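The primary structure of each chain is shown beneath.
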Amino acid sequence: MLAIRLVREPERLDTLVLPVRPEGPDSPPALVPTASPPADDVRAEAASLLPAARLTGAAGEVREHLRPGGTPARLVLLGVGDGDEHGWRGAGAALARAAKNETYVTVALPADAAVALRGLVEGLLLGSYRFRLTEAGGTPALAEVDVVVSDPDGLAPTLATARTTAEMTRLARDLTNTPSSTKNPGWFAAQVAEAAADRPDLHLRVRGPEELAAEGFGGILAVGGGSASGPRLVELDWRPADARTHVVLVGKGITFDAGGISIKPVPAMKLMRKDMAGAAAVVAATLGAAALRLPVRVTTLAPLAENMVSGSAFRPGDVIRHYGGVTSESTNSDAEGRLVLADAMAYAERELRPDLLVDLATLTGANAVALGKRHGALYSENDGLAADLLAAIEAAGERAWRMPLATDYLDYLGSDVADLHSSPDRGAGSIVAALFLREFTGDLRDRWVHVDMSAPSWSEDEQAELTRGATGWGVRGLLRWLATLG
Ligand code: BES
Ligand code: MN
Ligand code: ZN
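Worth saying up front: this structure is predicted, and the values here are computed from it rather than measured.

> Could you clarify how one ought to interpret the coordination of the zinc ion (ligand 3) in this entry?
Ideal donor angles around a metal are set by the shape: a four-donor tetrahedron calls for 109.5 degrees, a six-donor octahedron for 90 or 180 degrees. The zinc ion (ligand 3) binds to the protein through Lys252 (NZ), Asp257 (OD), Asp275 (OD) and Glu336 (OE), with metal-donor distances spanning 2.0 to 2.4 Å. Read in sequence order, the donor residues for the zinc ion (ligand 3) give the motif K-x4-D-x17-D-x60-E. You can call Asp257 buried: its relative accessible area is 2%. Residue classification places Glu336 among the buried positions, given a relative accessible area of 0%.

> What is the right way to look at the pattern of salt bridges in this model?
Evaluated as defined, the whole model comprises 32 salt bridges. In this structure, Glu122 and Arg118 form a salt bridge, with 3.4 Å as the shortest nitrogen-oxygen distance. Within this pair, Glu122 and its partner Arg118 are both found in helix α3 (residues 114-127), separated by four residues, close to a single helical turn. An identical accessibility class is assigned to Glu122 and Arg118; each is buried. A salt bridge links Glu336 to Lys252, with the shortest nitrogen-to-oxygen separation between them at 3.0 Å. One end of the pair, Glu336, is in the loop between β14 (327-330) and α10 (337-352); the other, Lys252, is in the loop between β10 (246-251) and β11 (253-257), with 84 residues separating them in the sequence. Of the two residues, Glu336 and Lys252, both sit in the buried class. Put simply, Glu85, Arg89, Arg118, Glu122 and Arg480 are held in one network by salt bridges that share partners.

> Help me understand the packing of aromatic side chains, please; the structure alone is not making it clear to me.
Where two aromatic rings form a pair, the distance of their centres and the angle of their planes describe that pair. Using the criterion set out here, one finds five aromatic pairs in the structure. The interplanar angle of 90 degrees and the centroid separation of 5.5 Å between the aromatic rings of Tyr323 and Tyr347 together place this pair among those described as edge-to-face. Highlighted residues: Tyr323 in the loop between β13 (318-321) and β14 and Tyr347 in helix α10, separated in sequence by 24 residues. There is no split in this pair, since Tyr323 and Tyr347 are both buried. Linked through ring pairs, Phe217, Tyr323 and Tyr347 together constitute an aromatic cluster. When the ring centre of Tyr104 is taken as reference, the NZ or CZ atom of Arg12 above it lies at 3.8 Å.

> For this particular structure, what's the right way to read the domain arrangement of the protein?
How big an interface is tends to be reported as the loss of accessible area on association of its parts. Here the protein is described as being made up of domain 1 (3-150) and domain 2 (165-484). A separation of 38 Å is found between the C-alpha centroids of domain 1 and domain 2. Counting residues at the interface gives 17 residues for domain 1 and 21 residues for domain 2. Summing both sides of the interface, domain 1 and domain 2 together bury roughly 1600 Å²; the carbon and sulfur share of this comes to 53%. Three residues, Arg97, Leu126 and Tyr129, lead the burial of domain 1 against domain 2; their summed loss comes to 41% of the area buried on that side. The shortest N-O distance in the salt bridge between Glu462 and Arg97 comes to 3.0 Å. Those elements that place two or more of their residues in the side of domain 1 that touches domain 2 are α2 (85-98) and α3.

> I'm lost on the side chain of Lys264 in this one. Help?
Note that Lys264 resides in the loop between β11 and α8 (266-269). A distance of 2.9 Å separates a polar atom in the side chain of Lys264 from a polar atom in the side chain of Asp334. Leaving out residues up to four positions away in the same chain, Lys264 has contacts with Asp257, Ala258, Gly259, Met269, Met272 and Asp334.

Analysis parameters
Residues numbered from 1 in each chain as written. Chains lettered and ligands numbered in written order. Predicted model: local features only at pLDDT ≥ 70, side-chain atom pairs only at ≥ 80, totals over all residues. Heavy atoms only, no water. Donors = N, O, S within 2.8 Å, 3.2 Å for Na, K, Ca; no water. Buried < 20%, exposed > 50% of the residue type's maximum accessible area, 1.4 Å probe, protein only. Salt bridge = Lys/Arg side-chain N within 4 Å of Asp/Glu carboxyl O. Helix = DSSP H or I, 4+ residues; strand = E, 2+ residues; numbered from the N terminus. Phe/Tyr/Trp six-rings, centres within 6.5 Å; stacked < 30°, edge-to-face > 60°. Lys NZ or Arg CZ within 6 Å of the ring centre and 35° of its normal. Domains from an automatic or database assignment. Contact = heavy atoms within 4.5 Å. Buried area = accessible area lost by both parts, 1.4 Å probe. Polar contact = N/O pair within 3.5 Å; in protein donor to acceptor, adjacent residues only side chain to side chain.

Structure follows, in structure tokens:
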């Protein structure tokens, strides 16, 4: 992966990247003043290029200028937009793509560099991401970036935060992109064990089918029952001594969603290896919290199961007994996510007794119907908590939109044979799923946030820091939010 170094003065100079910002509709863009300015003649030359460069200064614009025999030998003008973190993130991603023929580049940052550095580093590391099995476009050659700043030591923590955030997002992308032939529940749990192995301060417990049965996790067992690869429940705990707040994160971990007996049609099934993106995000965020030593206790629960079609699969019309004893009637085995989440949330509420509960899930196709491709659907009864999480998600460069937990649909959850109907087929799909989950929050009802992230978990195209395939959505927002708790 890309090596990024902070330097006060460049020790080597081949390609120099200079930031450029818009100056209004009728003017060419301007060079952003940088901490360690290039030699006056180089700067003057860069400025002289601007009127003819057909740049606006928008984030992500890139122009390369050759200076044969010169030092630097190439100048790159890089649009950074308003120069906020989003602009720099887009610029970093564009630079990673544009510099594919370079082995190293030198980037000059503004004097007040923290915001720019965070965006640049995340953009570089996320925009250059390739999944190892599908790197048909070739791995970007760019291996090293020297970032020129006035205070390398003071900025080291910012670099570490940005790097960890990006690395954990890349981990979530890797897990989510992995084909389901590899990624069964046992494999996923083993990946978590490997990632947590060199950290004695992280505690991991993995429950297999026998333990799940002994403790009454009926939802996870029902959904996982049709697969040759048995279900798991991952419980990963980051417990710093100085924590005052305890957060439980729950992530939907369906390693493949065929729909079960209510089997999906071909177009709907083709991407269902991504149905564990919620689990990937909460695990990666927890590993990130530990790596950054955030002073907040985080327990992550990832209920993992494969929703398959077989003689041992659960059936439409079955009644499931969840952890803690609440029963649900399922008439559509494709509404499996809420069944595994219900067990994990009931367990969190009854046994872990946290201060706050957040679940992330690729729960319904209705998320994209309501909000399009990029926004998660966020639900909470707690306005302050919802606002805090939305703000963190937005600041991190992800997007979510608050949705109503509209109790108008509560009667849809009525069943003649169980406490709840889990899959009413009467519309308002994302809201009804959220209302179903709410039934398992107990005392935590107003300290709970649910995010339906089916839509933003995947991208069809490259866009700023997003690459094709899994996006790692949620890791960045969760880490930002956790960092505010302490
Ligand atoms: N994993 C799907 C939801 C999904 C759809 C995620 C598209 C990503 C992209 C989920 O398990 C599902 O099948 N939901 C059903 C619920 C319905 C049966 C009540 C849906 O959304 O159609
Ligand atoms: Mn499903
Ligand atoms: Zn699913």
